[in-house]
Amino acid sequence: MIQNLSLPLLLAVFALAGAAVIFSSIRATRLADIIADRTSMGEAMAGGIILGGATSLAGVVVSVKASLDGDASFAFSNAVGGIAAQTLFLAIADLIYRRANLEHAAAEPANLFQAVMLMILLSLPLCAIAGPDVAYFGVHPVSVVLFLTYLYGVRISARVSEEPMWRPVMTSETRTDEPEDEDEAGRSVMGPALRFAGLVAVMGLGGFVIAQVGGAFIERFGLRSSLVGSLITAVVTSLPEFVTTIVAVRRGALQLAVGGIIGGNTFDTLFLVLSDVSLREGSLYHAVGTTDLYWLGTGLLMTGILLAGLIARQRQGPARIGFESVAMLAVYVIAATIEVLG
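Residues numbered from 1 in each chain as written. Predicted model: local features only at pLDDT ≥ 70, side-chain atom pairs only at ≥ 80, totals over all residues. Heavy atoms only, no water.

- By the naming in an unreviewed UniProt entry, the protein goes by Sodium:calcium antiporter and is assigned to Limimaricola litoreus.

Below you can see the structure in the form of structure tokens.
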């Protein structure tokens, strides 16, 4: 039905779906912070697992729908393009947080480990693309390895958060992860968890609509799947991460902001696993083009830059932000320009 809508109605549906996802993510950020306090999970872990996974749901739906329709490039570029866009959002948040470099203030061992894990997860598809074109029951072996690596990484992340083997140097600008209300720890988590689940359902429905509209753009206007996936649906379905990051920074929950982006990105690598399972024509990794591979490299490069910034912890750099934010902005702008002109 969506495929047959006129262009104005198609754009209106796209905007409404995006707005529903964004509004839900705003409410979800506050609930994730409450859940973190009431469960003593900590902002970094709540951002990385609960909030990161929830705000990524719309993107999951887009990639899976694209794979079911047989468009591997759309599915792949939506996943890796979203990782690049979400990493960019941290640089924008750094511009907004004026007290100090965001990566300096949000020092947290769990975020460092998740950034390393993300680089490992992004390297696995590269190995699959360069390796032999094999698939068992329609699934490439690397997808299984990627999924198991993600699960093991989440387990280690929790251990790093609960029992860190080292701690960052505390400065006057370092924001510690402490509950805003000391009484939160004694309250029930059931109510906020149920409301959070309802918001997740709205995000998933919004993602389905966005996938339908993205497919219509490709068919009706002859746009490249990689262009629509990396710069249209990836950015729109990543807007919840942008909103939740800004809201978290405004609330002073800096570990939640950084953890939400990095954790959301690690969860986004599972898009590739689900897309590989959904694509019935063979391996996803051998059905994509060089442009899709370029966005995978871009996401890996930006993550490496972010990790360097988290380790260096520069207090202030150009425009009162860290060198990593300047570099990430430059890398993304260059990548987007090449995609548009290509």
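That was the structure; now back to the text.
## Looking at the overall build of the protein
Reasoning step 1: The helix and strand tally for the protein stands at 13 helices and zero strands.
Reasoning step 2: Listing each helix as α and each strand as β along the protein from the N terminus yields α-α-α-α-α-α-α-α-α-α-α-α-α.
Reasoning step 3: Taking 20 Å as the expected radius of gyration for a compact globule of 342 residues, we find that the protein reaches 19 Å, a close match to that expectation.
Reasoning step 4: With the C-alpha coordinates aligned to their principal axes, the bounding extent of the protein is approximately 55 × 40 × 40 Å.
Reasoning step 5: Classification of the 342 residues of the protein by burial places 57% in the buried group. (Helix = DSSP H or I, 4+ residues; strand = E, 2+ residues; numbered from the N terminus. Rg over C-alpha atoms; globule rule 2.2 N^0.38 Å. Buried < 20%, exposed > 50% of the residue type's maximum accessible area, 1.4 Å probe, protein only.)

## Thoughts on the packing of aromatic side chains
Reasoning step 1: According to the stated counting rule, one finds six aromatic pairs in the structure shown.
Reasoning step 2: Aromatic side chains Tyr294 and Trp295 sit 6.5 Å apart centroid to centroid with 75° between the ring planes, which places their arrangement in the edge-to-face category.
Reasoning step 3: Each member of the aromatic cluster is reached from another via a ring pair, and the members are Phe14, Phe217 and Phe221. (Phe/Tyr/Trp six-rings, centres within 6.5 Å; stacked < 30°, edge-to-face > 60°.)

## As for unusual backbone geometry
Reasoning step 1: The residue Phe137 is not glycine, and still its phi comes out positive at about 55°.
Reasoning step 2: If you check the backbone angles, Arg313 has positive phi at about 55° while not being a glycine.

## What to know about the environment of Met165
Reasoning step 1: Mapping Met165 onto the fold places it in the loop between helix 7 (141-162) and helix 8 (190-221).
Reasoning step 2: The spatial distance from the C-alpha of Met165 to the C-alpha of Arg220 is 55 Å, given a sequence separation of 55 residues.

## Some points on the packing of helix 12 (residues 290-312) against helix 13 (residues 323-341)
Reasoning step 1: Relative to each other, helix 12 and helix 13 sit at 175°, their axes nearing to 9 Å. Put simply, helix 12 runs roughly antiparallel to helix 13. Residue-level contacts link Thr291, Tyr294, Trp295, Thr298, Leu301, Met302, Ile305, Leu306, Ala308, Gly309 and Ala312 of helix 12 to Phe323, Glu324, Ala327, Met328, Val331, Tyr332, Ile334, Ala335, Ala336, Ile338 and Glu339 of helix 13.
Reasoning step 2: Along the lines of polarity and charge, the residues of the contact of helix 12 with helix 13 split into 17 nonpolar, three polar and two charged. (Axes fitted to C-alpha atoms, helices over the stretch in contact; angles between N-to-C directions. Parallel < 35°, antiparallel > 145°, perpendicular 65-115°, else oblique. Contact = heavy atoms within 4.5 Å. Nonpolar A, V, L, I, M, F, W, Y, C, P; charged D, E, K, R; others polar.)

## Here we look at the environment of Lys65
Reasoning step 1: Within the secondary structure, Lys65 sits in helix 3 (residues 57-68).
Reasoning step 2: Lys65 sits 150 residues away from Gly215 along the chain, and the two C-alpha atoms are 9.3 Å apart.
Reasoning step 3: Excluding residues that lie within four positions of it along the chain, Lys65 makes contacts with Phe208, Ala211 and Gln212.

## Some thoughts on helix 3
Helical periodicity: at 3.6 residues per turn, an α-helix aligns residues three or four positions apart in one direction.
Reasoning step 1: For helix 3, spanning 12 residues, the distance from its first C-alpha to its last is 17 Å, which sits close to the expected 16 Å at 1.5 Å a residue.
Reasoning step 2: Across the 12 residues that make up helix 3, a large majority, nine, are buried.
Reasoning step 3: Where helix 3 is concerned, the buried positions are Ala58, Gly59, Val60, Val61, Val62, Ser63, Lys65, Ala66 and Ser67.
Reasoning step 4: On its buried face, helix 3 sits against helix 1 (7-39), helix 4 (72-96), helix 8, helix 9 (225-251), helix 10 (254-268) and helix 11 (270-278). (Expected span 1.5 Å × (residues − 1).)

## Thoughts on a nonpolar patch on the surface
Reasoning step 1: Residues Leu7, Leu11, Phe221 and Leu223 make up a contiguous nonpolar surface patch of about 320 Å² in total accessible area.
Reasoning step 2: Within the secondary structure layout, Phe221 lies in helix 8. (Patch = residues over 30% accessible without salt bridge, like charges linked within 9 Å, V, L, I, M, F, W, Y side chains within 5 Å. Areas by Shrake-Rupley, 256 points an atom, 1.4 Å probe, with all protein chains shown as cover. Salt bridge = Lys/Arg side-chain N within 4 Å of Asp/Glu carboxyl O.)

## Let's talk about the side chain of Asp94
Reasoning step 1: With respect to the secondary-structure elements, Asp94 resides in helix 4.
Reasoning step 2: At a separation of 3.2 Å, a polar atom in the side chain of Asp94 contacts the main-chain amide nitrogen of Gly322.
Reasoning step 3: Contacts of Asp94, omitting those with residues within four sequence positions, involve Ala100, Asn101, Leu102, Glu103, Ile321, Gly322, Glu324 and Ser325. (Polar contact = N/O pair within 3.5 Å; in protein donor to acceptor, adjacent residues only side chain to side chain.)

## Topic: the nonpolar core
A general trend in soluble globular proteins is that nonpolar side chains are found buried together.
Reasoning step 1: Core analysis: the biggest nonpolar cluster contains 61 residues, and Phe76, Leu102 and Tyr332 have the highest contact counts within it.
Reasoning step 2: With 12 residues, helix 4 is the largest single contributor of residues to this core.
Reasoning step 3: Residues within four places of Tyr332 in sequence aside, it is in contact with Ala84, Ala85, Leu88, Ser230, Leu231, Val235, Trp295 and Met302. (Core = buried A, V, L, I, M, F, W, Y, C linked by side-chain atoms within 4.5 Å.)

## What about the pattern of salt bridges?
When the charged atoms of two side chains lie near each other, side chains of opposite charge can form a pair.
Reasoning step 1: Taken as a whole and judged by the stated rule, the model has two salt bridges.
Reasoning step 2: One salt bridge connects Asp69 with Lys65, and the closest N-O pair in it is separated by 2.7 Å.
Reasoning step 3: With relative accessibility at 54%, the residue Asp69 sits in the exposed group.
Reasoning step 4: Between Glu339 and Arg224 there is a salt bridge whose closest N-O contact spans 2.6 Å. Of this pair, Glu339 sits in helix 13 while Arg224 sits in the loop between helix 8 and helix 9; the two residues are 115 residues apart in sequence, bridging distant segments of the chain.

## Points about the side chain of Asn265
Reasoning step 1: Looking at the secondary structure, you find Asn265 in helix 10.
Reasoning step 2: A distance of 2.5 Å separates the side chain of Asn265 from the side chain of Gln86, its partner in a polar contact.
Reasoning step 3: Setting aside chain neighbours within four positions, we find Asn265 in contact with Gly82, Ile83, Gln86, Thr87 and Leu118.

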